Amino acid sequence: MNSPYVSKDNDSVSNDVVWHNATVTHNDRIKQNNQQPVVLWFTGLSGSGKSTVANAVESKLLSLGKHSYLLDGDNVRHGLNKDLGFTDTDRVENIRRIGEVAKLFVDAGSIVLTAFISPFIADRTQVRELLADGQFLEVFIDTPLAICEQRDPKGLYKKARAGEIKHFTGIDSEYQAPIAADIHVTTANQSIEECAEQIVSALIKKEYI
């Protein structure tokens, strides 16, 4: 039996699906949480420190009484995106799904931290365009490839160099660095604490918290 919610050509949502407006509004949630919801989109090479820094930022937000949620690349691939690989096509779909999930969290009034390599500028731009002005901040965790390879916490660079992993960002798949990130963090000369403090300070300055 065909689902009544998908069009026959599988190209779009059926006309029978109608948006339901909830009684509790986005502004109601903003007032309750006493913060401006935003997506902090952490991007950078594998081993750059995205997840580690995002974790530290979320801990600081918690200590300030703020509502947040961290979406980590590896964790999401254990569930929502476990059907995706690492081809360019799958990477695009991976980011598209995360963008939609992040948008829901923003609507709920949360500060969303997303730690994904997200190597393509076009994909990060697409997520930004899903959200209202000011609800997306690109956080570039800028770490040189040589340092990422030296860290290699999961041994992935070693495998990629040996040809055991294909389509690995920075090795045989391109990483397109942000041209003008909203927050630019260099981890090579800063501690995790300093990086996290820089980001939280930026949120305060921009009046999100």
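Along every chain, residues carry numbers that run from 1 in the direction the sequence is written. Only residues with pLDDT of 70 or above have their local features reported here, since the model is predicted, and side-chain atom pairs are shown and tallied only from 80 upward, although totals for entire chains, interfaces and linings are computed over all residues. By convention in this description, side-chain values take in all heavy atoms of the structure and omit both hydrogens and water.

Asker: An account of the overall build of the chain is requested, with residue identities and associated values reported.
Answerer: Helix and strand assignments follow DSSP, with helices taken as H or I runs no shorter than four residues and strands as E runs no shorter than two, numbered in order from the N terminus. Along its length, the chain carries eight helices and five strands. The reference for a compact globule is 2.2 Å times residues^0.38; the radius of gyration itself is calculated from the C-alpha atoms. Against the compact-globule benchmark of 17 Å for 209 residues, the chain has a radius of gyration of 18 Å, which places it among compact chains. Counting only C-alpha atoms and orienting by the principal axes, one finds that the chain spans roughly 55 × 45 × 30 Å. With a 1.4 Å probe rolled over the protein chains alone, any residue whose accessible area is under 20% of its type maximum counts as buried; one over 50% counts as exposed, and the rest are partly exposed. Looking at the chain as a whole, 42% of its 209 residues qualify as buried. Contacts: residue pairs with any heavy atoms within 4.5 Å of one another. Look at the contacts in the chain between residues 6 or more apart in sequence, and 72% of them connect residues 24 or more apart. Summed over its atoms, the accessible surface of the chain is roughly 12000 Å², and 51% of this surface lies on carbon and sulfur atoms. In short, Shrake-Rupley with a 1.4 Å probe defines the accessible areas, and a residue's cover is counted only from the protein chains shown.

Asker: I'd like to hear about the pairing of strand β5 (residues 183-186), residue by residue, with values.
Answerer: Each regular strand carries side chains that alternate between the two faces of the sheet. By the alternation rule, side chains of β5 split into Ile 183 and Val 185, which are all buried, and His 184 and Thr 186, of which none is buried. Strands are treated as partners if at least two bridges between them are detected by DSSP. Judged from the four bridges that link them, strand β4 (residues 136-142) and β5 form a sheet pairing that is parallel. Bridging across to β5, Asp 142 finds its partner in Thr 186.

Asker: Please give an account of the packing of aromatic side chains that cites residues and values.
Answerer: Side-chain rings of Phe, Tyr and Trp, where Trp is taken by its six-membered ring, are said to pair if the distance between their centres is within 6.5 Å; with planes under 30 degrees apart they count as stacked, over 60 as edge-to-face, and otherwise as tilted. Counted under the stated rule, the structure contains five aromatic pairs. Ring geometry for Tyr 69 against Phe 105: centres 4.9 Å apart, planes inclined by 10 degrees, an arrangement best described as stacked. On the criterion of sequence distance, the pair formed by Tyr 69 in strand β2 (residues 68-72) and Phe 105 in helix α4 (residues 88-107) is long-range, its members being 36 residues apart.

Asker: Could you give an account of the packing of helix α2 (residues 50-63) against helix α8 (residues 192-205), naming the residues involved and the relevant values?
Answerer: For every element, the axis is a line fit to its C-alpha atoms; helices are fit only across the contacting stretch, and the angle between N-to-C directions ranges from 0 to 180 degrees. Between α2 and α8, the shortest axis-to-axis distance is 9 Å and the interhelical angle comes to 55 degrees. One way to sum up the angle between α2 and α8 is to call them oblique. Like other packed secondary-structure pairs, α2 and α8 cross with a definite hand, here right-handed. Between α2, through Thr 52, Val 53, Ala 56, Val 57, Lys 60 and Leu 61, and α8, the contact on the second element is made entirely by Ile 192, Glu 193, Cys 195, Ala 196, Glu 197, Ile 199, Val 200 and Leu 203. Under the grouping applied here, Gly and all other residues not named as nonpolar or charged are polar, the nonpolar ones being Ala, Val, Leu, Ile, Met, Phe, Trp, Tyr, Cys and Pro and the charged ones Asp, Glu, Lys and Arg. Looking at the contact of α2 with α8, its residues break down into ten nonpolar, one polar and three charged. If an angle is under 35 degrees, it is roughly parallel; if it is over 145, roughly antiparallel; if it lies from 65 to 115, roughly perpendicular; otherwise it is oblique. Each crossing gets its hand from how the near helix is turned against the far one by less than a right angle, where anticlockwise is left-handed and clockwise is right-handed.

Asker: An account of α8 is requested, with residue identities and associated values reported.
Answerer: Here the expected length of a helix is defined as 1.5 Å per residue gap, with one fewer gap than residues. The end-to-end C-alpha distance of α8 is 20 Å, a good match for the 20 Å that 14 residues give at a rise of 1.5 Å each. Here α8 has its buried residues at Cys 195, Ala 196, Ile 199, Val 200, Ala 202 and Leu 203. The buried side chains of α8 occupy one side of the element, clustering within an arc of 155 degrees when seen end-on. At its buried positions, α8 is contacted by β1 (38-43), α2, β4 and β5. A positive phi of about 65 degrees marks Glu 207, the residue just after α8. Note that the arc is defined by the directions from the helix axis to the C-beta atoms.

Asker: Provide a residue-level description of the pattern of salt bridges, including the pertinent values.
Answerer: Salt bridge criterion: a side-chain nitrogen from Lys or Arg within 4 Å of a carboxyl oxygen from Asp or Glu. Scanning all chains against the criterion turns up eight salt bridges. The residue Glu 197 makes a salt bridge to Lys 60 at a minimum N-O spacing of 3.3 Å. With a gap of 137 residues between them, Glu 197 in helix α8 and Lys 60 in helix α2 connect regions that are remote in the sequence. Residue Glu 197 is classed as partly exposed on the basis of its relative accessible area of 36%. Note that Asp 83 is salt-bridged to Arg 97, the shortest N-O span being 2.9 Å.

Asker: An account of unusual backbone geometry is needed here, citing residue identities and associated values.
Answerer: Despite not being glycine, Ser 118 shows a phi value in the positive range, around 35 degrees. Notably, Asp 152 is not glycine yet its phi reads approximately 35 degrees, a positive angle. Turning to its location among the elements, Asp 152 is positioned in the loop between α6 (145-151) and α7 (156-161).

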